[in-house]
Amino acid sequence: MNATVTSPTVNTQVASNNSIKANAIKASFPVRRMDFEFNQVPEYWMNGSAGLTHFMTALSALFPDGEKFFVDSTRAVRNDPKLADPYMQKEISAFIGQEAMHSKEHVGFNQSANFYGHDVKGLEKKTNTVIQTFRKGFLKVAKPFGITQEMIDLTATTALEHFTATIASQLLRNEEIQIKMTDETMYRLWMWHAVEENEHKAVVYDVFETLYGRGPKAYVLRNTALVVAMAALFCTQSYFVYSLLKNDNKLNAKELGSIFKYGYSLKHGIITGMIPELVDYFRPGFHPNDHDTNALLARWKEKLGFNTH
Ligand SMILES: [Fe+2]
Ligand SMILES: [Fe+2]
């Protein structure tokens with residue numbers, strides 16, 4: 001399958017004074033339309049393993065509403081005059097375009113898993129409930145400190161974007177995981193998504209820093225957001241895995257063992273492999289581009305047949 005590349009459009013209101021300049025400026029990454037066909041994907045597409053398939057499906061159930069939240073949080077602030085720079089606006093548009101395409105494709109896959117009787121649609125709805133509960137609960141605690149809902153949503157997005165970039169770079173690096181993706185469509189879905197998460201990993205971080213700076217308040221806010229977001233994500237994804245396995249009558253030692261080995265073992269675990277890069281977020285002065293993935297992305301774009309950018 002070939003990717004269709006589209007040019008992100010700039011928000012015309014913000015860019016009206018800069019329209020001539022803006023037209024000449026391009027985002028640093030493209031928006032690719034993939035249009036995957038999921039109707040031939042086998043039920044246990046990951047190496048024939050129910051445990052591994054449900055582990056990844058639980059992640060996929062988080063994406064449609066999770067990525068919509070990222071887009072909404074960024075849209076809510078993009079008209080701030082501090083973000084009027086045409087290049088920043090192009091980056092934001094391209095980020096929104098990529099996340100919208102990810103949501104679309106994960107909705108497609110989740111529907112195909114639903115056809116096998118796995119209630120992924122129900123899990124998508126639970127994702128939205130978790131997001132709304134946390135963002136409103138966080139506001140109640142933080143409001144006395146002058147923190148707004150927009151700040152909370154953006155800092156949560158910044159933290160979760162760091163998580164997605166980190167797990168994505170693990171997917172691109174960890175051959176033990178790649179060889180288990182035995183279905184070609186699903187392999188391409190995850191690797192395409194992983195490439196793009198690394199292409200746009202700095203956008204929301206830069207938006208956050210442009211708006212709220214690098215001072216102590218911003219530092220505490222972004223680090224608190226990472227701790228809360230990781231705890232919420234771990235609990236939600238683990239519950240989704242449990243729910244998928246239980247409803248599939250596969251909640252047994254064999255499947256749990258394969259998930260542990262794949263996710264949490266010291267040698268090849270995707271989650272354990274993420275930890276050094278994940279906790280680097282706490283370093284004062286951290287920036288997503290400190291983790292250089294340019295060579296890794298160049299290799300994968302060639303492998304996947306992405307010829308532009
Ligand atoms: Fe994404
Ligand atoms: Fe993302």
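- As recorded by an unreviewed UniProt entry, the protein carries the name Metal-dependent hydrolase and is attributed to Alkanindiges illinoisensis.

### Quick notes on helix 12 (residues 270-279)
Alright, step 1. What helix 12 keeps buried is the set Ile 270, Met 274, Glu 277 and Leu 278. Angular distribution of buried residues about the axis of helix 12 spans 100 degrees; they occupy a single face of the element.
Alright, step 2. For helix 12, the secondary structure elements touched by its buried residues are helix 3 (50-75), helix 6 (149-173), helix 7 (175-178), helix 10 (216-247) and helix 11 (253-264).

### Some points on the nonpolar core
Alright, step 1. With 87 residues, the main nonpolar core has Trp 45, Met 56, Leu 171, Met 181 and Trp 190 as its most contacted residues.
Alright, step 2. Not counting chain neighbours up to four residues away, the residues in contact with Met 56 comprise Trp 45, Met 46, Leu 171, Met 181, Trp 190 and Tyr 262.

### Some points on the coordination of the iron ion (ligand 1)
Alright, step 1. Within the protein, Glu 67 (OE), Glu 99 (OE), His 102 (ND1), His 193 (NE2) and Glu 197 (OE) serve as the donor atoms for the iron ion (ligand 1), at 1.8 to 2.4 Å.
Alright, step 2. When the donors of the iron ion (ligand 1) are listed by position in the chain, the intervening gaps give E-x31-E-x2-H-x90-H-x3-E.
Alright, step 3. Here the iron ion (ligand 1) and the iron ion (ligand 2) are spaced 3.8 Å apart, linked through Glu 99, which binds each one. Separated by 4 residues within a single helix, His 193 and Glu 197 lie in helix 8 (residues 184-199), roughly one turn from each other. As far as burial versus exposure is concerned, His 193 and Glu 197 are alike and both buried.

### Details of the coordination of the iron ion (ligand 2)
Alright, step 1. Within the protein, the iron ion (ligand 2) binds to Glu 99 (OE), Glu 161 (OE), Glu 161 (OE), Glu 197 (OE) and His 200 (NE2); these donor distances fall in the range 1.9 to 2.7 Å.
Alright, step 2. Counting along the primary sequence, the residues that act as donors to the iron ion (ligand 2) give the motif E-x61-E-x35-E-x2-H.

### Some words on the packing of aromatic side chains
Alright, step 1. What the rule picks out here adds up to 16 aromatic pairs.
Alright, step 2. Cluster of aromatic residues (ring-pair linked, three or more members): Phe 36, Phe 38, Trp 45, Phe 109 and Trp 192.
Alright, step 3. When the ring centre of Tyr 281 is taken as reference, the NZ or CZ atom of Arg 222 above it lies at 4.9 Å.
Alright, step 4. Over the aromatic face of Trp 300 sits the side chain of Lys 303, whose NZ or CZ is 4.3 Å from the ring centroid.

### With respect to the environment of Ala 94
Alright, step 1. Position of Ala 94 relative to the elements: it lies in helix 4 (residues 86-115).
Alright, step 2. For Ala 94 and Asn 198, which are 104 residues apart along the polypeptide, the C-alpha to C-alpha distance reads 13 Å.

### Regarding the pattern of salt bridges
Alright, step 1. As enumerated under the stated definition, the model contains 13 salt bridges in all.
Alright, step 2. Glu 196 is the partner of Arg 32 in a salt bridge, and the nearest nitrogen-oxygen pair spans 2.9 Å. One end of the pair, Arg 32, is in strand 2 (residues 31-33); the other, Glu 196, is in helix 8, with 164 residues separating them in the sequence. Each member of the pair, Arg 32 as well as Glu 196, carries the same accessibility label: buried.
Alright, step 3. In this structure, the salt-bridge partner of Lys 121 is Glu 124, at a minimum N-O distance of 3.1 Å. Highlighted residues: Lys 121 and Glu 124, both in helix 5 (residues 120-142), separated by 3 residues, approximately one helical turn.
Alright, step 4. Take Lys 121: its relative accessible area is 25%, and that puts it in the partly exposed class.
Alright, step 5. Classification of Glu 124 as buried rests on a relative accessible area of 8%.

### Concerning the side chain of Gln 237
Alright, step 1. As for its position among the elements, Gln 237 is in helix 10.
Alright, step 2. Assessed through its relative accessible area of 7%, Gln 237 is described here as buried.
Alright, step 3. Sequence-distant contacts of Gln 237, that is, excluding residues within four places in its chain, are made with Phe 55, Ala 58, Leu 59 and Leu 62.

### Focus: the packing of helix 9 (residues 203-212) against helix 10
Alright, step 1. For the pair helix 9 and helix 10, interaxial distance at closest approach is 10 Å and the crossing angle is 145 degrees. Viewed along their axes, helix 9 and helix 10 form a crossing whose handedness is right-handed. Side by side, helix 9 and helix 10 meet where Tyr 205, Phe 208 and Tyr 212 of the first sit next to Ala 218, Leu 221 and Arg 222 of the second.
Alright, step 2. Its residues placed into classes, the contact of helix 9 with helix 10 shows 5 nonpolar, no polar and 1 charged.

### Here's the deal with unusual backbone geometry
Alright, step 1. Positive phi values are uncommon outside glycine, yet Asn 47 reaches one of about 60 degrees.
Alright, step 2. Inspection of the secondary structure assignment puts Asn 47 in the loop between strand 2 and helix 3.
Alright, step 3. The phi torsion at Asn 249 lies on the positive side, around 55 degrees, for a residue other than glycine.

### Quick look at helix 5
Alright, step 1. Across its 23 residues, helix 5 extends 33 Å between first and last C-alpha, which sits within 8% of the 33 Å expected from 1.5 Å per residue.
Alright, step 2. Within helix 5, the full set of buried residues consists of Val 120, Gly 122, Leu 123, Glu 124, Thr 127, Ile 131, Arg 135, Phe 138, Leu 139 and Ala 142.
Alright, step 3. On its buried face, helix 5 sits against helix 3, helix 4, helix 6 and helix 10.

### Things to note about the environment of Asn 174
Alright, step 1. In this fold, Asn 174 is placed in the loop between helix 6 and helix 7.
Alright, step 2. Sequence separation between Asn 174 and His 268 is 94 residues, and the spatial gap between their C-alpha atoms is 7.3 Å.

Conventions we followed
- Residues numbered from 1 in each chain as written.
- Chains lettered and ligands numbered in written order.
- Predicted model: local features only at pLDDT ≥ 70, side-chain atom pairs only at ≥ 80, totals over all residues.
- Heavy atoms only, no water.
- Buried < 20%, exposed > 50% of the residue type's maximum accessible area, 1.4 Å probe, protein only.
- Helix = DSSP H or I, 4+ residues; strand = E, 2+ residues; numbered from the N terminus.
- Arc of directions from axis to C-beta.
- Contact = heavy atoms within 4.5 Å.
- Core = buried A, V, L, I, M, F, W, Y, C linked by side-chain atoms within 4.5 Å.
- Donors = N, O, S within 2.8 Å, 3.2 Å for Na, K, Ca; no water.
- Phe/Tyr/Trp six-rings, centres within 6.5 Å; stacked < 30°, edge-to-face > 60°.
- Lys NZ or Arg CZ within 6 Å of the ring centre and 35° of its normal.
- Salt bridge = Lys/Arg side-chain N within 4 Å of Asp/Glu carboxyl O.
- Axes fitted to C-alpha atoms, helices over the stretch in contact; angles between N-to-C directions.
- Left-handed = near helix turned anticlockwise from the far one by under 90°.
- Nonpolar A, V, L, I, M, F, W, Y, C, P; charged D, E, K, R; others polar.
- Expected span 1.5 Å × (residues − 1).

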